[in-house]
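Inside the fold
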Amino acid sequence: MEPQPQSQPRRPRGFAAAAAAAAAAVSTTGTPSGSVGATTASSSSGKGKREREKEKERTKLRERHRRAITSRMLAGLRQYGNFPLPARADMNDVLAALAREAGWTVEPDGTTYRHSPPPQHQQNLGAYPVRSGESPLSATSLKNCSVKATLDCQPPVVRIDDSLSPASLDSVVIPERDTRSEKYPSASPINSVECLEADQLIHDVHSTEHRNDFTGTEYVPVYVKLSTGVINNFCQLADPDGVRQELSHMSSLNVDGVIVDCWWGIVECWNPQKYVWSGYRELFNNIREFKMKIQVVMAFHEYGRTDSADVLIPLPNWILEIGKANQDIFFTDREGRRTTEYLSWGIDKERVLNGRTGVEVYFDFMRSFRTEFDDLFAEGLISAVEIGLGPSGELRYPSFSERMGWRYPGIGEFQCYDKYLQQHLRKAAKLRGHSFWARGPVNAGHYNSRPHETGFFCERGDYDSYYGRFFLHWYAQSLKDHADNVLSLANLAFEETQIIVKIPAIYWWYKTSSHAAELTAGYYNPTNQDGYSPVFEVLKKHSVTLKFVCYGLQICSYENDEAFADPEGLSWQVLNSAWDRGLSVAGENTLSCYDREGCLRIIETAKPRNDPDHRHFAFFVYQQPSPLVQGVICLPDLDYFIKCMHGDITGDLVP
């Protein structure tokens with residue numbers, strides 16, 4: 001019998017190898033396994049731990065660098081290549097988009113195939129087809145290129161071929177530039193214009209000849225919001241002649257309709273279920289004469305407790321009287337301070353409002369309005385109803401209240417310390433099996449803190465711990481539950497009427513990992529979570545229209561500020577996430593003034609040219625800081641803006 005080969009012992013690796021080497025050194029020197037050996041082992045352990053920590057930091061840096069590169073690549077593909085990538089695109093999405101662009105068919109399960117061979121001109125170019133608007137580069141021109149020629153070349157004015165279709169003008173490969181003014185010109189020979197033949201110049205779709213031309217684009221209705229004081233606190237029309245003059249001005253501008261706030265604190269002011277609508281009836285009759293549509297806002301929030309406000313509309317007096325005896329009906333911060341901007345979501349199903357729950361109070365108000373103005377609904381004069389779901393009518397917690405001393409760009413504070421929300425938190429923690437999690441964060445800072453100043457929102461902070469993820473998920477779930485409860489009853493009250501919900505634009509600290517200001521407002525949207533999609537699923541369930549604020553050129557002033565703000569990035573995430581879920585989206589401007597370029601940015605946001613699905617706003621709301629008849633119009637030419645939104649004008653025609 002042949003002898004069996006003996007198996008070779010495995011060579012130790014990693015920490016085992018280090019331990020074996022240390023043992024061999026000890027045995028060679030004859031050092032006993034006493035205090036010296038223990039010291040050596042302790043030193044090796046400490047050194048290994050430090051090395052592991054350093055490697056973790058290096059890995060994080062590499063990952064951040066990789067994500068930054070990926071983000072820029074995705075932005076370029078979306079902006080210049082018309083690739084309909086989702087808000088949280090991964091490499092599979094990118095590969096699928098590139099394959100489809102090359103003429104391949106990609107099934108949802110990843111199966112990829114070609115129905116027919118590529119066109120002849122693509123076969124000549126190999127595996128990389130030419131995008132629309134491009135011309136193939138000749139091999140001769142590339143062969144004769146040199147780096148020196150690239151550095152010295154002076155590109156002529158970029159031409160636009162009139163024979164190209166509008167769809168072929170959606171790709172930008174080489175924008176117009178002046179290499180003499182560049183500090184670091186490209187050294188790639190492919191970028192040299194000298195290397196291109198005369199008929200191979202790339203066409204710039206953003207030419208100033210066509211950028212401002214909105215003729216024939218989608219029709220986006222424009223509504224103008226009436227000033228807050230149009231109805232006084234006694235539910236009377238404050239200035240009938242002034243209102244008619246303002247409506248006449250709007251009609252001359254071809255405004256599609258007006259927005260009217262119906263204040264809970266005015267209509268049901270003194271006694272529960274005693275509604276006074278007389279002032280609104282007179283206002284609606286005036287609007288009817290001018291044949292304009294009406295969108296009404298069910299305003300369940302407080303208005304005007306700021307230094308800049310000249311009108312004060314509190315919650316109903318009978319609600320404030322209940323609040324004196326039971327302050328927990330209001331949102332409460334960690335220090336026990338109450339805000340009367342909006343009722344706490346903890347009482348949505350608690351019978352603490354003279355025998356009614358919070359959602360029952362909202363439903364009774366909405367039902368009374370629907371019954372009172374049934375004739376206007378039947379005529380189609382009232383086209384939509386916006387439901388106020390939080391402070392300022394927005395779906396959010398009152399986390400950055402100026403009454404509490406908040407100033408931009410503070411992170412705000414969590415508002416979950418009334419006894420009713422605390423009961424919900426204890427129940428959720430018990431169901432999770434960790435009753436000691438039934439508390440708010442103790443290291444989340446104050447209203448005007450910065451994320452890096454707190455232990456909860458800082459880099460690698462507690463917001464991403466097991467407890468932090470539990471708390472933030474519960475906090476955001478309470479927001480979604482409130483929206484679901486109120487919208488369910490709103491659909492009962494306003495059957496066959498379009499419902500609108502306003503989403504806040506919390507753009508400061510958007511470039512940080514925690515997105516602290518969004519977290520305190522109820523949107524669980526750090527860099528490793530998508531906090532808007534779950535909310536939009538609730539809105540989709542009730543078939544509502546989402547309304548979001550557009551910031552025009554203000555985004556430029558925030559790009560490099562200390563708040564790490566990114567209004568444009570937030571808008572991109574919110575709008576695309578809503579559109580991807582089939583939601584109808586509307587826009588609204590801020591009260592700040594815009595120049596002509598700011599107007600154009602708003603219009604481009606309302607109906608983006610390069611959207612392959614031709615998505616656009618359902619309507620746009622123009623907010624005015626004062627009545628139009630006073631001559632204070634923030635947009636430099638409201639008539640021009642409206643015509644561009646309607647698709648009736650070329651922007652360059654207006655000086």
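Rules of the game
- The numbers attached to residues start from 1 for each chain and follow its sequence in the written order.
- Only residues with pLDDT of at least 70 get local features here, since the model is predicted, and only at 80 or more are side-chain atom pairs given and counted; chain-wide, interface and lining totals rely on the full set of residues.
- Only hydrogens and water are removed before side-chain values are computed, so all heavy atoms of the structure are retained for them.
- To form a nonpolar core, buried Ala, Val, Leu, Ile, Met, Phe, Trp, Tyr and Cys residues must be joined to one another through side-chain atoms within 4.5 Å.
- Remark: exposure states derive from per-residue accessible area (1.4 Å probe, protein chains only) relative to the maximum for the residue type, with buried under 20%, exposed over 50%, and partly exposed in between.
- Helical segments are the DSSP runs of H or I of at least four residues, strand segments are the runs of E of at least two, and each set is numbered from the N terminus.
- Residues count as neighbours in contact if any of their non-hydrogen atoms are within 4.5 Å of one another.
- At least two bridges found by DSSP between two strands is the condition for calling them paired.
- To obtain each axis, a line is fitted to C-alpha atoms, and for helices this fit is confined to the stretch in contact; angles are then taken between N-to-C directions over 0 to 180 degrees.
- Note on aromatic pairs: the rings of Phe, Tyr and Trp (six-membered ring only in Trp) are paired at centre separations within 6.5 Å, and the planes decide the class, stacked below 30 degrees, edge-to-face beyond 60, tilted for the rest.
- Any angle that falls under 35 degrees is termed roughly parallel, while one over 145 is termed roughly antiparallel, one within 65 to 115 roughly perpendicular, and all others oblique.
- In this scheme the handedness of a crossing depends on how the near helix is turned from the far one: anticlockwise by less than a right angle means left-handed, clockwise means right-handed.
- Amino acids outside the nonpolar list (Ala, Val, Leu, Ile, Met, Phe, Trp, Tyr, Cys, Pro) and the charged list (Asp, Glu, Lys, Arg) are all regarded as polar, and Gly is one of them.
- UniProt positions are given in the numbering used here, feature names are shortened, and annotations may be inferred rather than shown by experiment.
- Only protein atoms enter the 1 Å grid used here. Points where a 1.4 Å probe fits but cannot escape make up a cavity, open sets with protein on both sides within 12 Å along at least five of seven lines make up a pocket, and a residue lines them when an atom lies within 4 Å of a point.
- Grid points are joined across faces, edges and corners, and a volume is the space filled by probe spheres set on the points.

1. Some thoughts on the nonpolar core
Core analysis: the largest hydrophobic core is formed by 145 residues, its most contacted members being Tyr280, Phe284, Met298, Phe369 and Ile387. Broken down by element, the residue count for this core peaks at 13 residues, all from helix 14 (residues 466-493). Setting aside residues up to four positions removed in sequence, isoleucine 387 forms contacts with Met298, Met366, Gly393, Val486, Leu487, Ala490, Phe494, Ile499 and Ile500. In terms of nonpolar packing, the next biggest core, distinct from the first, is built from 8 residues, Tyr223, Ala384, Ala586 and Val621 among them.

2. A closer look at the sheet that holds strand 11 (residues 584-589)
Pairing within the closed barrel is parallel, and its 8 strands lie in the order 3-4-5-8-9-10-11-12. For this sheet the average axis-to-axis angle between neighbouring strands, irrespective of direction, equals 30 degrees. The strands touched by helix 11 (residues 358-372) within the sheet are strand 4 (257-263), strand 5 (293-299) and strand 8 (382-387), with strand 5 carrying the most contacts at an inclination of about 155 degrees.

3. A few points about the packing of aromatic side chains
On inspection of all chains with the given rule, the structure shows 47 aromatic pairs. Consider the rings of tryptophan 406 and tryptophan 508, whose centres lie 5.8 Å apart with planes at 40 degrees: the pair is tilted. Here tryptophan 406, found in the loop between strand 8 and helix 13 (419-432), pairs with tryptophan 508, found in the loop between strand 9 (498-502) and helix 15 (516-521); they are 102 residues apart in sequence, far enough to count as distant. Taken individually, tryptophan 406 and tryptophan 508 each receive the classification buried, so the pair is uniform in this respect.

4. Section: the packing of helix 11 against helix 14
The interhelical angle for the contact between helix 11 and helix 14, taken along N-to-C directions, is 25 degrees, at an axis separation of 9 Å. Judged on the interaxial angle alone, helix 14 and helix 11 are roughly parallel. Of the two elements, helix 11 crosses helix 14, and the hand of that crossing is right-handed. Here helix 11 contributes Val359, Tyr362, Phe363, Met366, Arg367 and Arg370 to the contact with helix 14, which in turn contributes His482, Asn485, Val486, Leu489, Ala490, Leu492 and Ala493. Of the residues contributing to the contact of helix 11 with helix 14, the split by class is 9 nonpolar, 2 polar and 2 charged.

5. A look at the UniProt feature "active site" (unreviewed entry) in the protein
Following the UniProt record, one finds the feature "active site" (unreviewed entry) at Glu394 and Glu588. The greatest C-alpha distance among the residues just named is 12.5 Å, despite their covering 195 residues of sequence, which places them together in space. Here glutamate 394 lies in the loop between strand 8 and helix 13. Looking at glutamate 394, the relative accessible area reads 12%, which means it is buried. Residues within four places of glutamate 394 in sequence aside, it is in contact with Leu389, Lys502 and Pro504. Here glutamate 588 is to be found in strand 11. Setting aside anything within four residues of it in sequence, one finds glutamate 588 in contact with Lys502, Lys547, Phe548, Val549, Cys550, Phe620, Val621 and Gln623.

6. Let's talk about empty space enclosed by the protein
Within the structure shown, the criterion is met by 2 cavities of 30 Å³ or more. The space that makes up the second largest cavity amounts to roughly 40 Å³. In terms of lining residues, the second largest cavity is bounded by Leu226, Ser227, Thr228, Val230, Ile259, Val260, Asp261 and Trp263. Among the residues making up the lining of the second largest cavity, the classes are represented as 5 nonpolar, 2 polar and 1 charged.

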